[in-house]
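Here's the letter readout for the chains.
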Amino acid sequence: MHHMEKQINILAVSGSLRLTSINTTILKELAALAPAHVGFSFYEALDALPHFNPDIDNEPVASVTQWRQAVAHADGVVFCTPEYAFGIPGAFKNALDWLVSSGELNEKPVATISASPLPSGADKAHAALLHTMKALGTTIPSNGSVTIPAVKVKFSEEGQLQHDATKHELQHLLNSLITAIHEKQAAQIL
Ligand SMILES: Cc1cc2nc3c(=O)[nH]c(=O)nc-3n(C[C@H](O)[C@H](O)[C@H](O)COP(=O)(O)O)c2cc1C
């Protein structure tokens, strides 16, 4: 028997600015796996943020306020990032730097995904992302992190995920994130 579950909102953020980004496609795939009470919204304005500078950290910059509010209003966040030169893309790191002092990710349930056409699955970028997630105080559940190697062959030309093992990993990641969100909400009621 299923009881009525409270609607929850997950914010999806791709580390890639590319229009046909495989990382963005993975997040769309993840959203399609979500149960009815879980809504996804996509933050797609990493390139609207100015370069982070502590001197303007407290200035009222509209794009920064929108980014911080999108994270603050989400019950959980999922990141999916490519690897550029063994790190996360600069535009993505820049967005994370804007959250350091304001703290919107502190104690936020978060899941992390990296993907690459290479066999490494962007594991160095993923490791860097996890360091930053730790610095920001996020809560990452077990099964909440997935690296996807050889990603190109796992999607069809039309952008459909056609690799069952990856689909299962994404489903587990999503379930873990949703459980972490429910656990946090239950703890707040007590
Ligand atoms: C400037 C640049 C640097 C890259 N460096 C790496 C790298 O260090 N490791 C890696 O696995 N792939 C690297 N790649 C390849 C990306 O994984 C590949 O372009 C991927 O499709 C980007 O993700 P997206 O499709 O979501 O944009 C690099 C690509 C670019 C454009």
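The notes below deal with the structure included here. Model, not experiment: these values are computed from the prediction.

What counts as what
- Residues numbered from 1 in each chain as written.
- Predicted model: local features only at pLDDT ≥ 70, side-chain atom pairs only at ≥ 80, totals over all residues.
- Heavy atoms only, no water.
- Buried < 20%, exposed > 50% of the residue type's maximum accessible area, 1.4 Å probe, protein only.
- Helix = DSSP H or I, 4+ residues; strand = E, 2+ residues; numbered from the N terminus.
- Contact = heavy atoms within 4.5 Å.
- Polar contact = N/O pair within 3.5 Å; in protein donor to acceptor, adjacent residues only side chain to side chain.
- Expected span 1.5 Å × (residues − 1).
- Arc of directions from axis to C-beta.
- Pairing = 2+ DSSP bridges.
- Right-handed = clockwise from strand over helix to strand, strands pointing away.
- Near = heavy atom within 4 Å.
- Areas by Shrake-Rupley, 256 points an atom, 1.4 Å probe, with all protein chains shown as cover.

**Focus on helix α1 (residues 22-32)**
Buried within α1 are the following residues: Ile 22, Asn 23, Thr 24, Ile 26, Leu 27, Glu 29 and Leu 30. As for α1, its buried residues are in contact with β1 (8-14), β2 (38-43), β3 (76-81), β4 (110-115), β5 (145-148) and α5 (164-189). The distance from a side-chain oxygen at the start of α1 to the backbone nitrogen of Asn 23 is 3.0 Å, and the residue carrying that oxygen is Ser 21.

**Some words on helix α4 (residues 123-135)**
Look at α4: 18 Å from first C-alpha to last across 13 residues, which is about the 18 Å you get at 1.5 Å a residue. Turning to α4, its buried residues number three or more, namely Ala 125, His 126, Leu 129, Thr 132 and Met 133. Down the axis, α4 shows its buried residues gathered within 120 degrees of arc, on one side only. Exposed residues on α4 whose side chains face more than 90 degrees from its buried face are His 131, Lys 134 and Ala 135. Looking at the buried positions of α4, the neighbouring elements they touch are β3, α3 (90-97), β4 and β5. Gly 137 sits one or two positions beyond α4 and adopts a positive phi of about 80 degrees.

**A word on the pairing of β5**
With burial as the criterion, only one face of β5 is covered, namely that bearing Val 146 and Ile 148; the residues Ser 145 and Thr 147 on the opposite face remain uncovered. As judged from the four bridges shared by β4 and β5, these two strands associate in the parallel manner. Each bridged residue has a counterpart across the sheet, and for Thr 112 the counterpart in β5 is Ser 145. Note that the unit made of β4, α4 and β5 has a crossover that is right-handed.

**With respect to the environment of Gly 87**
With respect to the helices, strands and loops of the structure, Gly 87 is situated in the loop between β3 and α3. Looking at Gly 87, the relative accessible area reads 17%, which means it is buried. A C-alpha to C-alpha distance of 17 Å links Gly 87 and Val 13, two positions 74 residues apart in sequence. Leave out the neighbours within four places in its chain, and Gly 87 touches Pro 82 and Ala 125.

**Some details on the site of the ligand**
Surrounding the ligand, one finds 15 residues, the nearest of these being Ser 16, Arg 18, Ser 21, Glu 83 and Ser 116. One of the side-chain nitrogen or oxygen atoms of Arg 18 is found 2.7 Å away from an oxygen atom of the ligand. Measuring from an oxygen atom of the ligand, one finds a side-chain N or O atom of Asn 23 at 2.7 Å. When the ligand is considered free in solution it has 630 Å² of accessible area, and contact with the protein chains removes 71% of it.

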